[in-house]
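Listed below are the residues making up each chain.
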Amino acid sequence: RKMKGLLGLVLVLVVYCAVVAGVRQAPETFDVAFNVSTPQGFGTVVLMINRTLSPNGVDRFYELVNAPYEYYNQNSFFRVVPNFVVQFGISGNTLSSQYWESKNIPDDPVLVSNTRGTITFATAGPNTRTTQLFINYADNSFLDNQGFSPFGIVTEGMQYIDNIYAGYGQQPDQGKIYSNGQAYLTQNFPKLSYLVTASVVV
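Values in this document were obtained by computation on a predicted structure and should not be read as measured data.

**Side note on the overall build of the protein**
Phase 1 of the analysis: Along its length, the protein carries 6 helices and 9 strands.
Phase 2 of the analysis: Out of the 202 residues belonging to the protein, those deemed buried represent 46%.
Phase 3 of the analysis: Long-range contacts, defined as pairs at least 24 residues apart, comprise 70% of the intrachain contacts of the protein with a sequence gap of at least 6.
Phase 4 of the analysis: For the protein, the exposed area adds up to about 9,900 Å²; of that, 56% sits on carbon and sulfur atoms.

Right, dumping it as structure tokens:
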């Protein structure tokens, strides 16, 4: 029985990896709705996404938002720097976050500026984008020549992004989120705001 259970787990992982390998190309333009929790309650944020601006980035974003992954659901806003950015994109599910952590995508040219309300992949250097994203709180055009390529913009509900809980600043440790997941966040940062659901608007 133990051997059967192990073989079953291996089969599930093989199927999961095979599905993940088949990247879907995103539509040229589409809207995504974020349901966001804030200290004032819940709100809906709509983003207009444009694949022309960042093809590799948008394909990855589209892949993660959609089933079967729905990766961004229940993601914490773990880094909040007022008048700069709010960052998210590490799943509280450690199996999921650790899998995607090493799935880098190639850089895209920077075609538009990091102005207020734009959404952009975070990076750790050239060709290191994976799942982490930030939304600009201000005109951060100085990020443009550092390779941060915006691929969409908030068109509705920016007030909910502005209201995301900022009391922890940059205290949550990204490495511990990857290793310990939601338990680490719940125990140490109970007031965090969350991206509750992310879905393509149809």
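**Thoughts on unusual backbone geometry**
Phase 1 of the analysis: The amide bond that connects Ala67 to the next residue, Pro68, takes the cis arrangement and shows omega of 10 degrees.
Phase 2 of the analysis: For Pro68, the location among the structural elements is in the loop between helix 2 (55-65) and strand 3 (75-76).

**So, the sheet that holds strand 9 (residues 194-200)**
Phase 1 of the analysis: With antiparallel pairing, the 9 strands of this open sheet are ordered in space as 3-9-1-2-8-6-7-5-4. Here the strands that pair on one side only, and so sit at the sheet edges, are strand 3 and strand 4 (79-81).
Phase 2 of the analysis: Summarising the sheet, strand 1 (residues 29-38) and strand 9 pair through 5 bridges and their orientation is antiparallel. Considered in strand 9, the bridge of Ala33 is made with Ser199.

**Notes on the pairing of strand 7 (residues 133-136)**
Phase 1 of the analysis: What you see with strand 7 is no split at all: Leu133 and Ile135 on one side and Phe134 and Asn136 on the other are buried throughout.
Phase 2 of the analysis: Of the strand pairs in this sheet, strand 5 (residues 85-88) and strand 7 are connected by 4 bridges, and their pairing is antiparallel. When the bridges of strand 7 are listed, Gln87 appears paired with Phe134.

**Quick look at the pattern of salt bridges**
Phase 1 of the analysis: Enumeration according to the criterion identifies 5 salt bridges in this entry.
Phase 2 of the analysis: Taking the shortest distance from any N to any O, the salt bridge between Asp108 and Arg129 comes out at 2.8 Å. Note that Asp108 is positioned in the loop between helix 3 (94-100) and strand 6 (118-121) and Arg129 in the loop between strand 6 and strand 7, a separation of 21 residues in sequence. The pair formed by Asp108 and Arg129 is uniform in burial state, with each residue classed as buried.
Phase 3 of the analysis: The structure contains a network of salt bridges with shared partners spanning Glu28, Arg51 and Asp59.

What counts and what doesn't
Residues numbered from 1 in each chain as written. Predicted model: local features only at pLDDT ≥ 70, side-chain atom pairs only at ≥ 80, totals over all residues. Heavy atoms only, no water. Helix = DSSP H or I, 4+ residues; strand = E, 2+ residues; numbered from the N terminus. Buried < 20%, exposed > 50% of the residue type's maximum accessible area, 1.4 Å probe, protein only. Contact = heavy atoms within 4.5 Å. Areas by Shrake-Rupley, 256 points an atom, 1.4 Å probe, with all protein chains shown as cover. Pairing = 2+ DSSP bridges. Salt bridge = Lys/Arg side-chain N within 4 Å of Asp/Glu carboxyl O.

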